[in-house]
Amino acid sequence: MSNDDELRQEELQVLESIYPDYILETTLISVRLDIPVELDKHHRVVLSQDNGNSDPSSTTQEIEVSNLPSIFVDIHLCDGYPSSSPPVITSVHPTRSWLPKDLELAQLLRNAWQGEGILCTIVEMVRSGEFLDILGLVEDTCIR
């Protein structure tokens, strides 16, 4: 077993111990997650409305929320991860089509890798809603 395999195995054990309810499937080369978005306070969030209309102004709306439906994240842990290669985010998709920037979220998660294990960081970026602010989907002020 290579050093990267050992590091991946350790990281997966940590992930399973901290976030057991979010894990749908894990192997040494892939992880499938179902991560709820649990905001610490009410926020105004821009949500997508999939109504089949091609007018972009009618496909989003702003609402106040403290949690959002979960986001599925599929991750491939390629050779060299975590020491020399980033994980490959193969899929990011929200339940109920609420996220207007799912491709941008996938890119944000890809870019978070800094040469070490990142699975718990990915879960926290989604779970805490940190990505909403980074992608410009929340107002600066919290509600309540």
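Preceding block: the structure.
Read on for a plain summary of the structure.

Cut-offs and rules
- Residues numbered from 1 in each chain as written.
- Predicted model: local features only at pLDDT ≥ 70, side-chain atom pairs only at ≥ 80, totals over all residues.
- Heavy atoms only, no water.
- Helix = DSSP H or I, 4+ residues; strand = E, 2+ residues; numbered from the N terminus.
- Core = buried A, V, L, I, M, F, W, Y, C linked by side-chain atoms within 4.5 Å.
- Buried < 20%, exposed > 50% of the residue type's maximum accessible area, 1.4 Å probe, protein only.
- Contact = heavy atoms within 4.5 Å.
- Axes fitted to C-alpha atoms, helices over the stretch in contact; angles between N-to-C directions.
- Nonpolar A, V, L, I, M, F, W, Y, C, P; charged D, E, K, R; others polar.
- Phe/Tyr/Trp six-rings, centres within 6.5 Å; stacked < 30°, edge-to-face > 60°.
- Salt bridge = Lys/Arg side-chain N within 4 Å of Asp/Glu carboxyl O.
- Patch = residues over 30% accessible without salt bridge, like charges linked within 9 Å, V, L, I, M, F, W, Y side chains within 5 Å.
- Areas by Shrake-Rupley, 256 points an atom, 1.4 Å probe, with all protein chains shown as cover.
- Expected span 1.5 Å × (residues − 1).
- Arc of directions from axis to C-beta.

### Some details on unusual backbone geometry
Okay, so step 1: That bond from Tyr-81 to Pro-82 is cis: its omega, 10°, falls within 30 degrees of zero.
Okay, so step 2: Secondary-structure assignment places Pro-82 in the loop between strand 3 (60-76) and strand 4 (88-94).

### Digging into the nonpolar core
Okay, so step 1: Judged by nonpolar contacts, the single largest core of 39 residues is most densely connected at Ile-71, Phe-131 and Leu-132.
Okay, so step 2: Of all elements in the fold, only helix 1 (3-18), strand 2 (30-48), strand 3, strand 4, helix 2 (102-111), helix 3 (119-127) and helix 4 (130-134) reach the threshold of two or more residues within this core.
Okay, so step 3: Counting residues per element, this core draws most heavily on strand 2, at 6 residues.
Okay, so step 4: Beyond its immediate stretch of four places on either side in the chain, Ile-71 contacts Leu-33, Asp-34, Ile-35, Val-37, Val-92, His-93, Pro-94, Trp-98, Leu-99, Leu-105, Val-126 and Phe-131.

### Focus on the packing of helix 1 against helix 3
Between two packed helices, the angle of one axis relative to the other and the distance separating the axes together describe the packing.
Okay, so step 1: In contact at an axis separation of 9 Å, helix 1 and helix 3 are set at 35° when each is read in the N-to-C sense. Counting all contacts with helix 1, which are made through Glu-11, Leu-12, Val-14, Leu-15 and Ile-18, the residues of helix 3 involved are Leu-119, Cys-120 and Val-123.
Okay, so step 2: For the contact of helix 1 with helix 3, the class distribution of residues is 7 nonpolar, no polar and 1 charged.

### A short note on the packing of aromatic side chains
Okay, so step 1: As enumerated under the stated definition, the model contains 1 aromatic pair in all.
Okay, so step 2: Taking 5.4 Å as the distance between ring centres and 20° as the angle between the ring planes, the aromatic pair formed by Tyr-19 and Tyr-22 counts as stacked.
Okay, so step 3: By relative accessible area, which is 13% here, Tyr-22 ends up buried.

### Looking at helix 3
Okay, so step 1: Looking at helix 3, one finds that the buried residues are Leu-119, Ile-122, Val-123, Met-125, Val-126 and Arg-127.
Okay, so step 2: Residue Gly-129 follows helix 3 closely and has a positive phi angle near 80°.

### Description of the pattern of salt bridges
Okay, so step 1: For the coordinates displayed, the defined rule picks out 4 salt bridges.
Okay, so step 2: The salt bridge partner of Asp-5 is Arg-8, with a shortest N-O separation of 2.1 Å. Here the residue Asp-5 and the residue Arg-8 both occupy positions in helix 1, the gap between them amounting to 3 residues, near one helical turn.
Okay, so step 3: Owing to a relative accessible area of 4%, Arg-8 belongs among the buried residues under this scheme.
Okay, so step 4: In this structure, Glu-124 engages Arg-127 in a salt bridge whose closest nitrogen and oxygen atoms are separated by 2.8 Å.

### Regarding a nonpolar patch on the surface
Okay, so step 1: Among the surface-exposed residues, Met-1, Leu-28 and Ile-29 lie close enough to one another that they form a single nonpolar patch of about 300 Å² accessible area.
Okay, so step 2: Locating Leu-28 in the fold gives a position in the loop between strand 1 (23-26) and strand 2.

### A short note on helix 1
Okay, so step 1: For helix 1, built from 16 residues, the straight-helix expectation of 22 Å at 1.5 Å per residue is met to within 8% by its first-to-last C-alpha distance of 23 Å.
Okay, so step 2: Of the positions making up helix 1, those classed as buried are Asp-4, Arg-8, Glu-11, Leu-12 and Leu-15. Buried residues of helix 1, seen end-on, are gathered within an arc of 100° and therefore sit on one face of the element. Residues of helix 1 that are exposed and point more than 90 degrees away from the buried face comprise Asn-3 and Ser-17.

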